[in-house]
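# Coordinate inspection notes
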Amino acid sequence: MVPINFLRKIMYGLLAFFLFLTICLWNESKKGYSVSQRLESKNFQLSKNLHFLTRRVSPKSMYATTMADSPRGSSIPNGAREKLQVERFNAKVWDADSSSKNLPPRLQKVRKNYLHMNKYNVTFKGKRQSKKLSVNALLCQLANRLKVTMIEQTDFPFNTSEWENSMPEKSIRDSFGQLGTCAVVSSAGSLKASYLGKEIDNHDAVMRFNGAPTRKFEADVGQKTTFRLVNSQLVTSSKHNFLQDSLYKEGILIVWDPSPYHSEIPEWYKKPDYNFFQNYKQYRKENPNQPFYILTPKMPWELWDILQENSPEDIQPNPPSSGMLGIVIMMSFCDKVDIYEFLPSKRKTDVCYYYQRFFDSACTMGAYHPLLFEKNMVKHLNQGTDEDIYLKGKVTVSGFRNIHC
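Residues numbered from 1 in each chain as written. Predicted model: local features only at pLDDT ≥ 70, side-chain atom pairs only at ≥ 80, totals over all residues. Heavy atoms only, no water.

## A look at the overall build of the protein
Counting its regular elements, the protein contains 13 helices and seven strands. Buried positions account for 48% of the 405 residues belonging to the protein. When contacts within the protein are restricted to residue pairs at least 6 apart in sequence, long-range pairs at least 24 apart make up 73% of them. (Helix = DSSP H or I, 4+ residues; strand = E, 2+ residues; numbered from the N terminus. Buried < 20%, exposed > 50% of the residue type's maximum accessible area, 1.4 Å probe, protein only. Contact = heavy atoms within 4.5 Å.)

## What to know about the state of the cysteines
Inspection of the entire model under this criterion finds three disulfides. Each disulfide pairs two cysteine sulfurs, and for C140 the partner residue is C405, the sulfurs being separated by 2.1 Å. Around the S-S axis, the bridge from C140 to C405 shows a dihedral of about -105° and counts as left-handed. A residue pair is termed long-range when its members are at least 10 positions apart, and C140 in helix α3 (residues 135-145) and C405 in the segment after β7 (394-398) qualify at 265 residues. Looking at C140, the relative accessible area reads 10%, which means it is buried. (Disulfide = S-S within 2.5 Å.)

## A short note on the packing of aromatic side chains
Tallied over the full model, the rule gives 28 aromatic pairs. When the ring of F242 is compared with that of Y248, the centres are 5.1 Å apart and the planes differ by 50°; the resulting orientation is tilted. The exposure classification of F242 matches that of Y248, with both residues buried. On the basis of an interplanar angle of 45° and a centroid distance of 4.6 Å, the ring pair of F276 and F277 is categorised as tilted. Taking relative accessible area as the criterion, F276 reaches 1% and is therefore assigned buried. Here the aromatic cluster, defined as three or more aromatic residues joined through ring pairs, consists of F158, W163, F242, Y248, W268, Y269, F276, F277, Y280, Y283 and F292. Sitting above the plane of the W163 ring, K281 keeps its charged end 4.6 Å from the centroid. A cation over an aromatic ring shows up here: K375 above the ring of W94, its NZ or CZ 5.7 Å from the ring centre. (Phe/Tyr/Trp six-rings, centres within 6.5 Å; stacked < 30°, edge-to-face > 60°. Lys NZ or Arg CZ within 6 Å of the ring centre and 35° of its normal.)

## Some details on the packing of helix α9 (residues 298-309) against helix α10 (residues 322-333)
Relative to each other, α9 and α10 sit at 95°, their axes nearing to 11 Å. Here α10 runs roughly perpendicular to α9, going by the angle between their axes. In this structure, α9 uses M299, P300 and L303 to contact α10, whose residues at the interface are M324, L325, V328 and I329. Residues belonging to the contact of α9 with α10 are distributed by class as follows: seven nonpolar, no polar and no charged. (Axes fitted to C-alpha atoms, helices over the stretch in contact; angles between N-to-C directions. Parallel < 35°, antiparallel > 145°, perpendicular 65-115°, else oblique. Nonpolar A, V, L, I, M, F, W, Y, C, P; charged D, E, K, R; others polar.)

## Quick notes on unusual backbone geometry
Cis geometry marks the peptide bond from F156 to P157, where omega comes out at 0°. As for its placement among the helices and strands, P157 is situated in the loop between α3 and β1 (179-185). One non-glycine residue with positive phi stands out, namely Y195, at about 55°. Positionally, Y195 belongs in the loop between β1 and α4 (197-201). We note that K216 has phi near 80°; this positive angle belongs to a residue other than glycine. Relative to the helices and strands, K216 is located in the loop between β2 (205-209) and α5 (218-221).

## Regarding the layout of surface pockets
The volume enclosed by the largest pocket comes to roughly 1400 Å³. Lining the largest pocket are 48 residues, with N210, N231, Y353, C363 and H369 sitting closest to its centre. At the level of elements, α6 (232-236), α10, α11 (362-365) and α12 (371-381) are the ones that each hand at least two residues to the lining of the largest pocket. What the second largest pocket holds in volume is close to 420 Å³. Taken together, 15 residues make up the lining of the second largest pocket; nearest its centre are K92, V93, W94, D95 and K348. Here the residues of the lining of the second largest pocket sort into six nonpolar, four polar and five charged. (1 Å grid on protein atoms, 1.4 Å probe; cavity = no way out; pocket = protein on both sides within 12 Å on 5 of 7 lines; lining within 4 Å. Points joined across faces, edges and corners; volume = space filled by probe spheres on them.)

## Section: the pairing of β7
Burial analysis of β7 places five of its five residues in the buried class, the great majority of the element. Residues K394, T396 and S398 of β7 are buried on one face, and the alternating residues V395 and V397, pointing to the opposite face, are buried as well. Strand direction decides the pairing type here: strand β6 (residues 334-340) and β7, joined by five bridges, are antiparallel. Paired with V337 across the two strands is V397, which belongs to β7. (Pairing = 2+ DSSP bridges.)

## Quick notes on the nonpolar core
Among the nonpolar cores identified, the biggest contains 65 residues, and F227, I329, M330, M331, F333 and I339 are the most heavily contacted of them. Among the elements that line this core, the one with the most residues is α10, at eight residues. Excluding anything up to four places from it in sequence, M330 contacts C182, A183, V184, A205, M207, F227 and V337. (Core = buried A, V, L, I, M, F, W, Y, C linked by side-chain atoms within 4.5 Å.)

## Side note on the pairing of strand β4 (residues 252-256)
In terms of burial, β4 is a largely internal element, five of the five residues being buried. Where strand β3 (residues 227-231) lies against β4, five bridges are found, and the strand directions are parallel. Paired with F227 across the bridge in β4 is I252. Relative to strand β5 (residues 292-294), β4 runs parallel, the two being bridged by three bridges. Counterpart to I254 in the pairing with β5 is Y293.

## Here we look at helix α2 (residues 105-117)
Spanning 13 residues, α2 covers 19 Å between terminal C-alpha atoms, matching the ideal 18 Å at 1.5 Å per step. In the stretch just after α2, N118 is the one whose phi turns positive, near 50°. (Expected span 1.5 Å × (residues − 1).)

## Some words on the confidence of the model for the protein
Averaged over all residues, the pLDDT of the protein equals 84, while 78% of them reach at least 70. Counted against residues more than four places away or in other chains, residues 25-90, with its pLDDT under 50, gives 61 contacts. (pLDDT = per-residue confidence, 0-100.)

Structure, rendered in structure tokens:
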């Protein structure tokens, strides 16, 4: 027979063990709560409870995952399909009021260096907006002040014998018909594994940039190319093989070259940033049936002025990026423009281009170009939803034709 005192000792020992275990678990849960609080303090937005996969989410809420996000082969019981709860996750899209304080220290220093250099002799004399313009007012400002034009045969010195038969006979707008919906496809690394190719190709026209390929990347970026905007550095670089590479033989080509601040065509012509004129003539000679235009050099600075007027701090005194130029060009051509991965999606990465393995946060935040401030403007102009930005990196803006000023 077991003594009663011995049984009591065992019971007391078990109670002490369970009490110790309870205290440990409580301490661990307290730590987890503390971690959660620290995450919130770093601007992580905790998503609210989303209801069901098939229900619509409001534009300003967090974002629903799709069936493609669930593991392959996972089965859902029939009775639970309508009650499937979407997983929670943290999400934040681009803030239209981002400032240079959001830049990493390295890029803050680069920005200050460019402000000091002022390579293009920028002497901005415009007025800063005292308060943020409405979307319609900003669209009117862009539509009324941007002259999206190409150099023509009648512009000096392109009307001289040296340029005979080199400039396109038709204007760029005569090279295409009425465009309804258009896509601007950035070259961002976050386009990888996006599976947006079919959606992109469903647009009436597609704008691509520089040496961004479609072959082998059709599933993510599509295969249609209506316009390709290239910079003068690419046209003159032997590395890009501009004259021979078949990549450039499709669609309407537009080349741009940075000029001194608001210089006229003759002044810029004497001292271009990259002297691409000979290669341009050679390309036109070898491909006379392909439309190939030169963007008027004042237009980038007209856009730069508007960016500066609508930014509360000084922006880099360098021309806007090819991406931003392409966006406003398509806004002048199309009724509606969908812009892909100019603002980063949930796939945000420091990989610069979807077709290369080159890492640099400047490709997203900007260094030479005032990219951060361009993204602020595009986010402010967005007429789509934050879900589209987060899930697809897609921003929707109105074309200039639809604006009532």
